[in-house]
Amino acid sequence: SAVIVARLFSLQIIKGEEYSKQAQNRLMRNVSVKSPRGDILDRYGRPIVVNREGFSLVVYKEYLEDNELDGLILRLANLITEFGGEYFDTLPITAEAPYEYSFSGDAEKARKEFLKQKKLPETLTAPEALDALAEYYKIEGEYTKAQLRIIVGVRYEMEQRLFSSRNPYTFASDVSVDIVTRIKERHGDFPGVDISTDYIRDYPNGSIASHIIGRVGIIYKDEYEQLKNENYGMNDVIGKDGIEKYLEKYLKGKDGVSSVVQNLDGKTSGILETLSPTSGNNAFLTIDLKLQKVLEESLERTIKSIAGLKHGYGTNAGSAVVIDVNTGEILAMASYPTYNIATFNNDYAELYANPDKPMWNRAVSGQYAPGSTYKVLTAIAALESGAVRANENIRDEGVYKFYATSG
């Protein structure tokens, strides 16, 4: 017993302060290990959407003092912009002066709802709302209007994704190696920021089949409320439209967990154990990728040629579908104009402002008169009912005379 007492005295009294500092500098936590989404392939197994590894910047609130957050946001945003990257910011106010609201759909209704949620007067202009939000988020310090817009935009995004000590915030995904290197070299300027490896959607065929595939994005607050009981987190990526959304529950895998050791500044210093993630299921579509490419090119070429005619009637959009008549399977489906999923975030403002609505899938959402293609159906109906014979000739004078007209 004397030996035990002596040992405890040494550990707790003589070296107590030293061991206490070591313990404080080693904090263990469980970190989610993201699972890769399933690939999307054509009918012959050719890849349409796959995954590649990329780096994400994650901010941990518990490693930050209250007065550090705004400065950290500005430094991170400036660093990412310096290297041509992007960070998450969905504040519905334009990023540059003159500041204006940037709502889609019923803009006036959305503007009033936005201000109401923040308990702000409905009469506020966008610049006034920006100042009010800075006060709402208790942003202090001398910042220019442009710097204030950056900080408010990220704080708004953090609020939407429930940033807290229990819920870290993914500041940006798919950042370059240059950004990762700079943060590691100057880690003292970025407290609470850690680098994680994630799976990023990759499109080996560029913009081919964009309307069919659909896009993925960070989960929204309202989406999370619906999916939080299905093993989704606030930093998860989910399908927003197209096949990515329709097959979400199949494409999503099961995340793993790592027990990691982190320093007081939030940097990971070691990994104790890891429960490996499970990949999502692959999806095989009925689409023939080569035929899809030919159809999209042909549709674009045809529309442009019609538009160039003297009587092109303003033709600038359209759609085309190729169907296997034996099975009803869709072999190719195109809508023009189209867009590139890989650059969707960069292009969104331009796409939204385009009067030809390139984000609209005309093949499935457009409403059009049947046109001459419907004549095939009426001819088949006439033959099957016996109203006409296969070798019967019909003289078409362009006028319907079966029933007499009155007056």
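Residues numbered from 1 in each chain as written. Predicted model: local features only at pLDDT ≥ 70, side-chain atom pairs only at ≥ 80, totals over all residues. Heavy atoms only, no water.

A. Highlighting the packing of helix α3 (residues 69-82) against helix α6 (residues 145-160). Axis separation between α3 and α6 bottoms out at 9 Å; the angle between their running directions is 105 degrees. When the axes of α3 and α6 are compared, the pair comes out roughly perpendicular. Two secondary-structure elements touch here, α3 through L69, D70, I73, L74, A77 and N78 and α6 through Q147, I150, I151, V154, R155 and M158. Across the contact of α3 with α6, the residue classes tally to 8 nonpolar, 2 polar and 2 charged. (Axes fitted to C-alpha atoms, helices over the stretch in contact; angles between N-to-C directions. Helix = DSSP H or I, 4+ residues; strand = E, 2+ residues; numbered from the N terminus. Parallel < 35°, antiparallel > 145°, perpendicular 65-115°, else oblique. Contact = heavy atoms within 4.5 Å. Nonpolar A, V, L, I, M, F, W, Y, C, P; charged D, E, K, R; others polar.)

B. Seen up close, the confidence of the model for the protein chain. Across the protein chain, the average pLDDT comes to 86, with 87% of residues at 70 or higher. By mean pLDDT, helix α2 (residues 16-24) is the weakest element of the protein chain at 52, and strand β2 (residues 40-41) is the strongest at 98. Considering only residues more than four positions removed or in separate chains, one finds that residues 21-25, a stretch of pLDDT under 50, has 4 contacts. (pLDDT = per-residue confidence, 0-100.)

C. Just the pattern of salt bridges, in detail. Here the structure, examined in full by the defined rule, presents 24 salt bridges. Measuring nitrogen to oxygen at the nearest pair gives 2.7 Å for the salt bridge that ties R111 to E108. One end of the pair is R111 and the other is E108, both in helix α4 (residues 107-117) and 3 residues apart, which spans about a single turn. Owing to a relative accessible area of 13%, R111 belongs among the buried residues under this scheme. The partner of K252 in a salt bridge is D236, and the shortest N-O contact between them spans 3.8 Å. Here D236 lies in the loop between α9 (221-227) and β7 (237-239) and K252 lies in the loop between α11 (248-251) and β8 (256-262), a separation of 16 residues in the sequence. Summarising the burial analysis for this pair, K252 and D236 share the class buried. (Salt bridge = Lys/Arg side-chain N within 4 Å of Asp/Glu carboxyl O. Buried < 20%, exposed > 50% of the residue type's maximum accessible area, 1.4 Å probe, protein only.)

D. Inspection of helix α7 (residues 177-185) at higher detail. Buried within α7 are the following residues: I179, V180 and I183. All buried residues of α7 lie within an arc of 100 degrees about the axis, which places them on one face of the element. Those residues of α7 that are exposed and angled more than 90 degrees off the buried face are V177 and E185. Buried positions along α7 lie against β3 (47-59), α3, β4 (169-175) and β5 (193-202). (Arc of directions from axis to C-beta.)

E. Spotlight on the nonpolar core. Ranked by internal contacts, the top residues of the largest apolar core, which has 47 residues, are L57, V59, L76, L91, V152, F171 and I183. At the level of secondary structure, the elements contributing two or more residues to this core comprise β3, α3, α4, α5 (126-136), α6, β4, α7 and β5. If one sorts the elements of this core by residue count, α3 sits on top with 8 residues. Setting aside anything within four residues of it in sequence, one finds L91 in contact with S102, F114, L130, L133, R149, V152, G153 and Y156. Formed by 20 residues, the second largest nonpolar core is a distinct cluster that contains I212, L251, I287 and Y339. (Core = buried A, V, L, I, M, F, W, Y, C linked by side-chain atoms within 4.5 Å.)

F. Representation of a nonpolar patch on the surface in the model. A surface patch of nonpolar side chains, about 380 Å² in accessible area, is lined by Y374, V376, L377 and I380. Looking at the secondary structure, you find Y374 in helix α15 (residues 374-385). On the basis of relative accessibility, which here comes to 44%, the residue Y374 falls in the partly exposed class. (Patch = residues over 30% accessible without salt bridge, like charges linked within 9 Å, V, L, I, M, F, W, Y side chains within 5 Å. Areas by Shrake-Rupley, 256 points an atom, 1.4 Å probe, with all protein chains shown as cover.)

G. Examining unusual backbone geometry more closely. For the bond from A97 to P98, the omega torsion is 0 degrees, close enough to zero to count as cis. Here P98 lies in the loop between α3 and α4. A cis geometry characterises the amide bond from Y336 onward to P337, with omega recorded as 0 degrees. Position of P337 relative to the elements: it lies in the loop between β12 (330-336) and α13 (344-353). For D174, which is not glycine, the phi dihedral falls at a positive 55 degrees. What makes D174 partly exposed here is its relative accessible area of 33%. The backbone of A209 shows a phi angle near 65 degrees, a positive value even though the residue is not glycine. With respect to the secondary-structure elements, A209 resides in the loop between β5 and α8 (210-213).

H. Geometry of α5. Among the residues of α5, A126, A129, L130, A132, L133 and A134 are the ones counted as buried. K138 lies just past α5 and shows a positive phi near 55 degrees.

I. Here's a closer look at the packing of aromatic side chains. Applying the stated rule across the entire model yields 10 aromatic pairs. The interplanar angle of 70 degrees and the centroid separation of 5.9 Å between the aromatic rings of F114 and Y156 together place this pair among those described as edge-to-face. Remark: Y156 occurs in helix α6 and F114 occurs in helix α4; sequence separation between them is 42 residues. Look at Y156 and you get buried, because its relative accessible area is 10%. A centroid spacing of 6.1 Å and a plane angle of 15 degrees characterise the contact between Y348 and Y352, whose relative ring orientation is stacked. Pair noted here: Y348 and Y352 are both in helix α13, with a separation of 4 residues, about one helical turn. Among the aromatic residues, those joined into a cluster by ring pairs are Y87, F163, Y169 and F171. We note R161 situated over the ring of F88; from NZ or CZ to the ring centre the distance is 4.8 Å. Sitting above the plane of the Y220 ring, K240 keeps its charged end 3.2 Å from the centroid. (Phe/Tyr/Trp six-rings, centres within 6.5 Å; stacked < 30°, edge-to-face > 60°. Lys NZ or Arg CZ within 6 Å of the ring centre and 35° of its normal.)

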